[in-house]
Structure formats: C-alpha cells, structure tokens
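Here are the chains, one letter per residue:
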Amino acid sequence: MRTRFAPSPTGFLHIGGARTALFNWLYTRRYAGTFILRIEDTDQVRSTEESTRAILDAMAWLGLNWDEGPYFQAERVNIHREMVQKLIDTGNAYYCTCAPEELEAKRKKALAEGRKPKYDGTCRDRGLPRSSGSVVRFRGPEVGVTVVHDLIKGNISFNNEELDDLIIERADGYPTYNFAVVVDDAQMGITHVIRGDDHVNNTPKQIQIYEALGYEVPLFGHVPMILGSDRARLSKRHGATSVMAYQEMGYLPEALVNYLVRLGWSHGDQEIFTMEELVREFSLEAVGKSAAVFNPEKLLWLNQHYIMAYPAERLVESVLPFWEKRGFDVSDRPFVAKAIADLRTRSKTLVEMAEGGVFYFQEEVAYDPEAAAKFLTPEYAGHLVAVAEGIPGLAEYTKDGLESFLRALAEERGTKLKWIAQTLRVALTGKTVSPGIDEVMVTLGKERVIGRIQKAVAWIGAAS
RNA sequence: GGUCCCAUCGUCUAGUGGUUAGGACGCUGGCCUCUCACGCCGGAAGCCGGGGUUCAACUCCCCGUGGGACUACCA
C-alpha cells in the first residue's frame, strides 16, 4: 500500500488538512504501507516556500512522519508535459484557443439562462496546433457513466455528459491540478487516495485521465469536511484554524490528534486513544459520511486530559517555553517540576498553566488589589505572623505536615482554616486562586514562604 | 441553476428490523473542600418531515425539507 498527503503550499497547515494527513498516516501505518508527502506547488503565483516550511513543521509537531518526499510537483513539469503530449498524440486531448474572458462570458450567460456552465466544445474538433496562449484540454467521453468506488462513501456514479473538457495544461505551460495529481499519483504508485470530500466531483474526471493514460485507477476514500459552528466550511472567522496556532495556545499534539481523529471516526464508545491504539484500530470503514462541526470545548477537555496524563518530564519540557517566553528563570528544574505538579490538575492549556504559575517565579509577588484588600489586612496579619513563627519548628515540612499544622493553628486561634489559608494564599501567590496552599508552601520551600510572609506583613503595616 | 454528497441530544458519535436509543464534550443539581480545579453521584437534552415495505422501523425504499461540496488557465 502506498498513500500520500498532498497539500498545496499556499498557507499554513489547517485543521482540515491535518485530519486528512492524520487519516492517511494512520491507515498507512496500520497496514505497514508507505506514506508519501508531496507538495502541490504548480500554482506558481500562490505557492511559497514559507508555507511549505510551515506545513512540514506542523506535520512534525503532530508526529506524522513520511517515508518518501517531500516531492515537489512543480519539479515534475517535464513529466507532466510528456503525458500531455501523449494524450494529444492519442487524440485524448486537444489545443484550445478560447480566450479566458470569452469563456467567462459564456459561463455567465449559460448560468443566467439556466443552462450548464460547461465548456461548449468550440475547439474540441478544430484540430488546432499549439500556439501562443493556447491551452490543452482533455477530451472527455460524451456518453456513458463513470463510477467512483469510494472506500468511505460507497459507489458514486456520474453521467459523462455532465463532465467538462477540463484544461490540463495552462497557457503558461504548467499542468493544472486535476491532471498533475493523476500523473503524480499514478507514477508514484499511489494505491489509496485519501483526501477531503471536496474532491469527489473531480474524481470522475481524474478517473478518465487515468484510463486515457493507461494507468491503473487507485482506490479512493473521501473524508467528510470539517465545518464551523455555523455549519459553513471551517475558516478563520471560526477561530484558529492553523495547526501551529494550537501549539502556541498551549495545546498538546496528542490532544489535537485525539480530537481530530474522533471527528468523523469512532471506535465504539472510546474517546481517548494513544497513537498505538489508533494505528491498531483505525479503519476507513469506520469513518462516517457526514460533515462534522469543529467543537473547541471538546478539544479543550482533551487537552486537559492529556495535561493530566502526560509523563512529568515531558510536561516540563512542554511548559518550559511558555515561562521562558515570559522571561522567568527556569533553571531550577526540580522546582519547575514541583510547580507543574501543583498546577497540572487545574490547567486546560499550557498557556493557562504558565499564567497560573507565574507567582512561583516572581521575586516580588504581585498582589491582586481586590485580593489584598480583602485578606492583607491588620485583622489577618496575626495569622501570617503565627504561620511564619511556626514553620521553623515544624517536624514535617510536607503537605500533610503543613495541613495539620495549619488546622491546629486555626483551632488555636479560634478561626477556620479557610481564613488562614486564603490570607496565606494572597501573601504567597498574590491571588485568591492557586493550587492547594500546602502544596504551594512545599514547592516554594520554607525560605521563600517565610520571606513572602514577612513582605506581606510589612506591606500590611505600610498600607494601614 | 446543474451535478454529487450528507441527515441520531446544542456538538462529536454508538446503533446495523424488535434497545428503557448508549457514550463523550458542554450545560446543570449534589458530594468532596483552604480558593480554583480534579474526582465521585445524579439530571435535562436526540432518531428532520411525509409516504411506503414489514407482524415490527432510528435502522430498508421513495419523495420532500435542510445542510454541504463542486461547477477556475486554485488546489
């Protein structure tokens, strides 16, 4: 089995393309086939190297490696031209000199009159030679039926009379997509073409080209589209659509992969899959036929799940960049690891985690005005002093040891734990929301805790 | 307009002629609790409509309706 992912380098790898790549990759890995990456850059105007780079980066981030390529379609024009010539020689293609404006006018007119806006065949039988500005059209059969055998959608048949004589070589000598894709897929020995179902209507034309060229027709699998919340094709206005934007927003690749694979594919009631399970279980037969709406909330849930399930060391590696970006000193790895352990159950994204953990790294705790107004008051200052005084004599400076210490202290002082805990929280983190106060104290360590308490007490003195 | 595809809770989906129509996200009531989370227990929420076929249709067929894709010298 040989498959391929063939994006055009006219932008970043988007969510839809990523899922197509993922389906191809999973299917190929499952059957130990060869996965090929081909960049479809025959649009000389819109293709950029930067886009190619971005697509490769996104594939790597998602963990979708390829076995051959990347091949560049534009580097294969000689082969394409040779095949165009072959089609002309066999009478399966012809030169056409109709002007684009003229064609456009005819199209509009036909549409206005309620007729099919297909090429009228003006040059089909004129036997024109190549000339400046001429294009090459494929001569499609006028009668009969072409049926697409689709691995996902079943058999789809088209009346050939509905099909256009499409242009296979532009005036600039470059092949068009529908032609180049056939030549390349055939010559690269692609056996399974898995792509978005926006290509189904092109497929019968492509099949005719395969046949005219004497190639074996591959198997097709058209995966349904991904829609936005308004059921329109997913686009920027629905939020981030670039794969790498999700990395920047603090998503883990496993979460995106898991989310994407469940968009259109399912395996009973299972929601969480490892890559190994996916490679073992994925099948095109279990891919649904209908389009799916992209649901950011569920992706967020999965991300949270993976943040909690990630191996500690990998989570550290993943979060580090977000703190470094904020200019924090993260050289004390054991300390960073402890902070992450505190934060991991309360973060849906790495960005959220980095944000929620800034206090671990701040030399000077930034007090939230509202929190300070409520808890950093003379009324509560005594709690802080008592905590600071009690810490040095603590037998067990651990989560449990601190908890019993604080509970005992609350009782001793005739108050509830929550008042001491919240006051402490503001003194140590600057906020009223943070990981468990005992966890924070353990991670910060005695020195920092006492230092921060002293600063808070001083702050209260200065403020009142 | 034409061609093609699709249709189970708001969303992702299981289902393959006989089920109290299951799970997940989200929403929501409660428990837990030093805050926020995590976790646990519970709840509301769905077979697009109409005809057939059948003893029996979410399931099969047809017609509507709705949504989507394509209809480029883009891919």
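Residues numbered from 1 in each chain as written. Chains lettered and ligands numbered in written order. Predicted model: local features only at pLDDT ≥ 70, side-chain atom pairs only at ≥ 80, totals over all residues. Heavy atoms only, no water.

### Considerations on the overall build of chain A
Part 1: Along the backbone of chain A there are 20 helices and 12 strands.
Part 2: For chain A, whose C-alpha radius of gyration is 31 Å, the value lies well above the compact-globule estimate of 23 Å for 464 residues.
Part 3: With the principal axes as the frame, chain A shows a C-alpha extent of 100 × 45 × 40 Å.
Part 4: Considering chain A as a whole, with its 464 residues, one finds that 50% of them fall into the buried category.
Part 5: If you take every contact in chain A between residues at least 6 apart in sequence, the share linking residues at least 24 apart comes to 76%.
Part 6: Each charge class in chain A was averaged separately, 55 positive and 63 negative side chains, and the resulting centres sit 4 Å apart. (Helix = DSSP H or I, 4+ residues; strand = E, 2+ residues; numbered from the N terminus. Rg over C-alpha atoms; globule rule 2.2 N^0.38 Å. Buried < 20%, exposed > 50% of the residue type's maximum accessible area, 1.4 Å probe, protein only. Contact = heavy atoms within 4.5 Å. Lys, Arg positive; Asp, Glu negative; His and termini not counted. Charge placed at Lys NZ, Arg CZ, Asp CG, Glu CD.)

### What about the layout of surface pockets?
Part 1: Of the volumes computed, that of the largest pocket is approximately 1200 Å³.
Part 2: For the largest pocket, the lining is made up of 41 residues, of which Pro7, Ser8, His14, Asp198 and Arg233 are closest to its centre.
Part 3: Of all the secondary structure elements, the ones that give two or more residues to the lining of the largest pocket are β1 (2-5), α1 (15-30), α5 (177-187) and β9 (192-196).
Part 4: At six residues, the largest contribution of residues to the lining of the largest pocket is made by α1.
Part 5: Here the lining of the largest pocket is built from residues that sort into 15 nonpolar, 16 polar and 10 charged.
Part 6: Here the second largest pocket defines a volume of roughly 320 Å³.
Part 7: Together, 16 residues line the second largest pocket, and Arg107, Pro117, Lys118, Tyr119 and Asp120 are the ones closest to its centre.
Part 8: Here the lining of the second largest pocket takes five residues from helix α4 (residues 100-112), the largest share from any one element.
Part 9: Residue composition of the lining of the second largest pocket, by class: seven nonpolar, no polar and nine charged. (1 Å grid on protein atoms, 1.4 Å probe; cavity = no way out; pocket = protein on both sides within 12 Å on 5 of 7 lines; lining within 4 Å. Points joined across faces, edges and corners; volume = space filled by probe spheres on them. Nonpolar A, V, L, I, M, F, W, Y, C, P; charged D, E, K, R; others polar.)

### Here we look at the packing of helix α18 (residues 417-429) against helix α19 (residues 437-444)
Part 1: Two elements in contact, α18 and α19, have axes separated by 10 Å at closest approach and are oriented at 35 degrees. Crossing handedness for the pair α18 and α19: left-handed. Contacts between α18 and α19 involve Ala421, Leu424, Arg425, Leu428 and Thr429 on the former and, on the latter, Ile437, Val440, Met441 and Leu444.
Part 2: Split by residue class, the contact of α18 with α19 holds seven nonpolar, one polar and one charged. (Axes fitted to C-alpha atoms, helices over the stretch in contact; angles between N-to-C directions. Left-handed = near helix turned anticlockwise from the far one by under 90°.)

### Notes on unusual backbone geometry
Part 1: A cis amide bond, omega 5 degrees, links glycine 69 with the succeeding residue proline 70.
Part 2: Summarising the element assignment, proline 70 is placed in strand β3 (residues 68-72).
Part 3: A positive phi is found at alanine 32, a non-glycine position, where the angle reads about 50 degrees.
Part 4: Counting through the fold element by element, alanine 32 comes out in the loop between α1 and β2 (34-39).

### Details of the protein's contact with RNA strand B
Part 1: In the vicinity of RNA strand B there are 62 residues, among which Arg170, Thr345, Arg346, Arg407 and Arg425 approach most closely.
Part 2: By atom count, sugar and phosphate contribute 69% of the portion of RNA strand B lying within 4 Å of the protein.
Part 3: Measuring from a sugar or linking oxygen of RNA strand B, one finds a side-chain N or O atom of glutamate 40 at 3.3 Å.
Part 4: Here a base oxygen of RNA strand B and a side-chain polar atom of arginine 425 are 2.3 Å apart.
Part 5: Within the residue set of the surface near RNA strand B, elements represented by two or more residues are α4, β7 (154-159), α5, β12 (292-293), α10 (296-309), α18 and α19. (Near = heavy atom within 4 Å. Polar contact = N/O pair within 3.5 Å; in protein donor to acceptor, adjacent residues only side chain to side chain.)

### Section: the pairing of β1
Part 1: One ladder, built from four bridges, connects β1 with β2; its direction is parallel. Each residue of the ladder has a partner; that of threonine 3, found in β2, is phenylalanine 35.
Part 2: Crossover β1 to β2 through α1 is right-handed. (Pairing = 2+ DSSP bridges. Right-handed = clockwise from strand over helix to strand, strands pointing away.)

### Digging into the pairing of β2
Part 1: The buried fraction of β2 amounts to five of the six residues, a majority that puts the element mostly inside the structure.
Part 2: Where β2 and β3 come together, three bridges link them in parallel fashion. Opposite isoleucine 36, over in β3, you have glutamate 68 as the bridge partner.
Part 3: Each parallel crossover has a hand, and for β2 linked through helix α2 (residues 49-62) to β3 it is right-handed.

### Observations concerning the sheet that holds strand β5 (residues 135-138)
Part 1: Spatially, β4-β5-β8 is the arrangement adopted by the three strands of the open sheet, whose pairing is antiparallel. Edge strands, defined here as strands with exactly one partner in the open sheet, are β4 (93-96) and β8 (167-169). This sheet shows a mean twist of 45 degrees between the axes of neighbouring strands, independent of strand direction.
Part 2: Examined bridge by bridge, β5 and β8 share two bridges and lie antiparallel to one another.

### Section: the environment of isoleucine 167
Part 1: In this fold, isoleucine 167 is placed in strand β8.
Part 2: Judged by its relative accessible area of 28%, isoleucine 167 is partly exposed.
Part 3: Expressed as a C-alpha distance, the spacing of isoleucine 167 and tyrosine 210, which sit 43 residues apart in the sequence, is 15 Å.
Part 4: Every residue in contact with isoleucine 167, bar those within four places of it in the chain, is listed here: Val135, Val136, Arg137 and Thr176.

### A few points about the confidence of the model for chain A
Part 1: Per-residue confidence for chain A gives a mean pLDDT of 94, with 100% of residues at or over 70.
Part 2: β1 holds the highest mean pLDDT among the elements of chain A, 98, whereas α4 holds the lowest, 90.
Part 3: This complex was scored by the predictor with a pTM of 0.94 and an ipTM of 0.95. (pLDDT = per-residue confidence, 0-100.)

### Considerations on the packing of α19 against helix α20 (residues 446-463)
Part 1: It is at 6 Å that the axes of α19 and α20 come closest, and there the two elements cross at 110 degrees. Between α19 and α20, the crossing angle belongs to the class labelled roughly perpendicular. Contacts from Met441, Thr443 and Leu444 in α19 reach Arg448, Val449 and Arg452 in α20.
Part 2: Residue composition of the contact of α19 with α20, by class: three nonpolar, one polar and two charged. (Parallel < 35°, antiparallel > 145°, perpendicular 65-115°, else oblique.)

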